[in-house]
Amino acid sequence: MKPPALQLASLNDKSVLNCRHTPVGSGSLTPPCVELHIHVLMVGVRDPAKKRDKMKIAKVIVTISLDKEFDYLIPERLADKLFVGSRVKVPFGKRDIDGYVVAIDELKSEPKFQLKEIRDLTDDRPFVSEKILELARWISSYYCSTVEQAIRAVLPGAIRKHAVKAKTKLFAALVENAEMPDKLSDKQQQIIECLKKNKGIFLSDLVEKLSITVSPVKTLEKKGIVSIVPKADRRDPLVNRNYLKTEPLELMESQQEALDHLCEQIDSEKPKPVLVYGVTGSGKTEVYLQAISHAISKGKGAIVLVPEISLTPQTVERFVSRFGRRIAILHSHLSDGERYDEWHRIHKGESDIIIGARSAIFAPVNNLGLIVVDEEHEPSYKQDEAPRYNARDVAVMRGQMEGAAVCLGSATPAIESWWNAKNGKYVLATLPIRADAKKMPRVDIVDLKIEAKNPGQKTVFSKQLVDAMGDRLRKSEQIILFLNRRGFSTSLTCPSCGYVSECEDCSISHTYHRATDELICHICGDVKKVPKTCPGCDLLDFKYAGIGTQRIEEIVQKIFPKANIQRMDADVTRKKTAYEDILGRFKAGEIDILIGTQMIAKGLHFPRVTLVGVIYADQSLNIPDFRSGERTYQLLSQVAGRAGRGDILGDVYIQTFNPFHPAIQMTRNTDFSGFCDQEIEFRRELLYPPFSRLICVTFKGASEDLVAFCTTTFATKLLSAFDNDYVIISDPIPAPLAKAKGMYRYQVIIRATKGFALVKKTMLNILGEFDTGKDVDCIIDVDAMNIR
């Protein structure tokens, strides 16, 4: 029996399947969308007698993913209040839903059906500017998502939803020109003095500050001396934090050259992106700070993107110390209330410098002059749900649309960015040495195969690393140990029958967490208690295979029992302030050895760290992805860069079973250019990016046979459509992660050396021929960063 056709995961509303569709947008920004058929655009009864002279209509995108604009009449009462980008309430079927106005036009001819009117305007000011709308349309087109999904991406959930509102509190202030009575009580006099000094204060703060009740304040209000009114109370993510003001530092010659490049682009009408390649500790942040100063001196705003994992309190402190409270912060650790208030500060023009993670690229900054993308190579800039945009590439596009300069900074740029710089598409600025002429750390490669041959030597810690750690502890210096795997061990194995505890819903083994004595799947979160006996043969003894950060912590505590040791990974940083607390203690010298995953590899500057140990450098090398070598080099270079940032020369020990791999050898010599030359030739030969554009199409569903059938059918149709040399289509095969959360996963990888827009359009047309309802989902990942 032939299975039913495939439904796109992004088009999961059944109402779209039998309706007529008009593509959203026009010109080069029109997305190559699957044609759907919708007949709900014009609703009501025909009314030819009713005149529509000079009436205006609004094209509205509703919050349901239909990839379609709907026409609504603008009532006279809203004619002067409605703008492109306004959020509105519109009738849709039997209910009222939210929508966004994307265009306004005159009703030029009598419609075939009576149009419904917009019910109401939700907000006083437009939430989405025309420029951001244009960017959303580009995202929809390029990344093969619906426009509604793109609109949702540009607005934080706290803004889109109505659950969060501005917080208000009673505010007390002196009434201007109020007549003061001859006699005032001591408490009333204290109140007046406090209000004069602070120019008004929240009533609750006044009561607490003066240790009084509300009664004397109310008495003054009745006398017309004090006013008490509700006032917005900002939920400040930096509340109760004090930062010392910093001044611009004197720049090295290479830093000044990089700054000159950026200032030139900020002042240009048609700026080009600038790639700032600087070794770790070369002073890239100071260049960013001074470039931002130049932008704001010209009356322009700035956005600074930092990977979520690198958005440390230390990073925020550098920017707030320089620019003060004009900075707004946007990242996932904020509460909905904090995010709501920060976004509205930007929207009202109260903040013109924004620092945040991926989604901060959509911040509604007026007169944007500069976008900085720090650690531009980071895979975390790629969104893992529709629309699957890369914030780095969106930053380049937004800069192009708004005439803003874009700075891409990294010690290990992405191969694609490096290629663009080498070919003149980007301006290249290089910072080849550390600030203040500090030396790069010495890097030693430890071959674990040789270590394993030494009698009685375990391969978790080499003798060289243990000796170096002991030496640093005696000198009261600090140590970082890096292993990019949390938990105690990677699996629970029976040495008798070979049983391995695996997740029933995912194609991976459970990770053993000793602290809770649990087996946890790091894909779906499934948790199991450790069985008392082997389910395969009833043996009482288990073997814990592999290592994680918990086990490293236990071993280090046994070797150095007097050292202050702290682990930092996702398991110990679940609380909102845990990350900040640990780094604060490390900065204060209360921690001798910090053990962690990649969250300790970036964005940290601790001058007392003189030793970094990489426990097992081969993890990322063994990932089945053409970028595995690049990722390994980037990660090792970043974590090695934490050592020797003070006056003492740093040392790095990299333990590996593959000591001669180019990614590891080039890390030893800090030879990024040499690594890139080798990697580029490898990709040129196999036509991987930057010599092609890549799309990963993943099918997933509960039935493996149906998923395999859909994937094979799709690949066959695509192969027949592109019988040429410039489109390379892989065989339909199970994904590296063949099963996740109970869903079987198959993939087709598409590489196109030209005609990318045609490839996407053809691909979407083929997918539009499928219709399996909810049985199989299809995920389209354009410019995929992780193939898994």
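See the structure printed just above.
For the structure given in this document, a descriptive report is provided here. Quick caveat: nothing in here was measured; it's all calculated off a predicted structure.

## Let's talk about the overall build of the chain
Right, on to step 1. Within the chain one finds 21 helices and 31 strands.
Right, on to step 2. What you see for the chain is a C-alpha radius of gyration of 30 Å, in line with the 28 Å of a compact globule of 788 residues.
Right, on to step 3. Expressed along its principal axes, the backbone C-alpha trace of the chain runs to roughly 95 × 90 × 60 Å.
Right, on to step 4. Counting over 788 residues, the chain shows a buried share of 54%.
Right, on to step 5. Each charge sign in the chain was given a centre, from 111 positive and 101 negative side chains, and these centres are 2 Å apart.

## Regarding the nonpolar core
Right, on to step 1. Of all hydrophobic cores here, the largest spans 92 residues; its most connected members are Phe714, Ile750 and Met763.
Right, on to step 2. When residues in this core are grouped by element, the largest group, seven residues, is from helix α1 (residues 130-142).
Right, on to step 3. Non-local contacts of Ile750, meaning those with residues more than four positions away in its chain, are made with Arg693, Leu694, Ile695, Val697, Phe714, Leu718, Val727, Ile728, Val759 and Met763.
Right, on to step 4. Among the nonpolar cores identified, the runner-up in size contains 35 residues, and Val287, Tyr288, Leu289 and Ala302 belong to it.

## Here's the deal with the pattern of salt bridges
Right, on to step 1. Across all of its chains, the model carries 41 salt bridges by this definition.
Right, on to step 2. Here Asp120 and Arg77 are joined by a salt bridge, their closest N and O atoms 3.9 Å apart. Of the two residues, Asp120 is situated in strand β5 (residues 120-121) and Arg77 in the loop between β2 (70-73) and β3 (87-92); the sequence distance between them amounts to 43 residues.
Right, on to step 3. Put simply, Arg87 and Asp123 hold a salt bridge, and the shortest N to O gap is 2.9 Å. Pair noted here: Arg87 is in strand β3 and Asp123 is in the loop between β5 and α1, with a separation of 36 residues, a long-range link. For the pair Arg87 and Asp123, one class covers both residues: buried.
Right, on to step 4. The network of salt bridges with common partners includes Arg442, Asp471, Arg472, Lys475, Glu477 and Asp651.

## Quick word on the packing of aromatic side chains
Right, on to step 1. On inspection of all chains with the given rule, the structure shows 19 aromatic pairs.
Right, on to step 2. A centroid spacing of 6.0 Å and a plane angle of 40° characterise the contact between Tyr633 and Phe672, whose relative ring orientation is tilted. Of the two residues, Tyr633 is situated in helix α17 (residues 628-640) and Phe672 in helix α19 (residues 672-686); the sequence distance between them amounts to 39 residues.
Right, on to step 3. With centroids separated by 4.8 Å and ring planes inclined at 10°, the aromatic side chains of Tyr633 and Phe675 adopt a geometry described as stacked. One end of the pair, Tyr633, is in helix α17; the other, Phe675, is in helix α19, with 42 residues separating them in the sequence.
Right, on to step 4. Ring pairs connect the aromatic residues Tyr277, Trp418, Tyr633, Phe672 and Phe675, which therefore count as one cluster.

## Some words on the side chain of Asp618
Right, on to step 1. Considering the arrangement of structural elements, one finds Asp618 in the loop between β25 (609-614) and α17.
Right, on to step 2. One buried charge, Asp618, has no salt-bridge partner; the nearest side chain with opposite charge is Lys449, at 7.8 Å.
Right, on to step 3. The residues touching Asp618, leaving out its near neighbours within four places in the chain, are Thr656, Phe657, Asn658 and Ile664.

## Examining the sheet that holds strand β1 (residues 56-62)
Right, on to step 1. If you trace the five strands from one edge of the open sheet to the other, you get β2-β1-β4-β3-β5, paired in antiparallel fashion. Of all strands in the sheet, those bounded by a partner on one side alone are β2 and β5.
Right, on to step 2. In this sheet, β2 lies alongside β1 in antiparallel orientation, the contact comprising four bridges. Within β2, the residue paired with Lys59 across the bridge is Asp71.

## What to know about helix α15 (residues 549-559)
Right, on to step 1. What α15 keeps buried is the set Thr549, Gln550, Ile552, Glu553 and Val556. For α15, the arc enclosing every buried residue in end-on projection is 160°, short of the 170-degree limit, so these residues lie on one face.
Right, on to step 2. Taken together, the buried residues of α15 touch α14 (463-474), β17 (478-482), β19 (511-513), β23 (565-568) and β24 (593-596).

## Focus: the state of the cysteines
Right, on to step 1. By the definition in use, this model includes zero disulfides.
Right, on to step 2. For the unlinked cysteine Cys506, the closest cysteine sulfur is that of Cys524, found at 3.8 Å.
Right, on to step 3. No disulfide involves Cys521; its sulfur sits 3.7 Å from that of Cys524, the nearest cysteine.
Right, on to step 4. Judged by its relative accessible area of 1%, Cys521 is buried.

Each value, and the rule that gives it
- Residues numbered from 1 in each chain as written.
- Predicted model: local features only at pLDDT ≥ 70, side-chain atom pairs only at ≥ 80, totals over all residues.
- Heavy atoms only, no water.
- Helix = DSSP H or I, 4+ residues; strand = E, 2+ residues; numbered from the N terminus.
- Rg over C-alpha atoms; globule rule 2.2 N^0.38 Å.
- Buried < 20%, exposed > 50% of the residue type's maximum accessible area, 1.4 Å probe, protein only.
- Lys, Arg positive; Asp, Glu negative; His and termini not counted.
- Charge placed at Lys NZ, Arg CZ, Asp CG, Glu CD.
- Core = buried A, V, L, I, M, F, W, Y, C linked by side-chain atoms within 4.5 Å.
- Contact = heavy atoms within 4.5 Å.
- Salt bridge = Lys/Arg side-chain N within 4 Å of Asp/Glu carboxyl O.
- Phe/Tyr/Trp six-rings, centres within 6.5 Å; stacked < 30°, edge-to-face > 60°.
- Pairing = 2+ DSSP bridges.
- Arc of directions from axis to C-beta.
- Disulfide = S-S within 2.5 Å.

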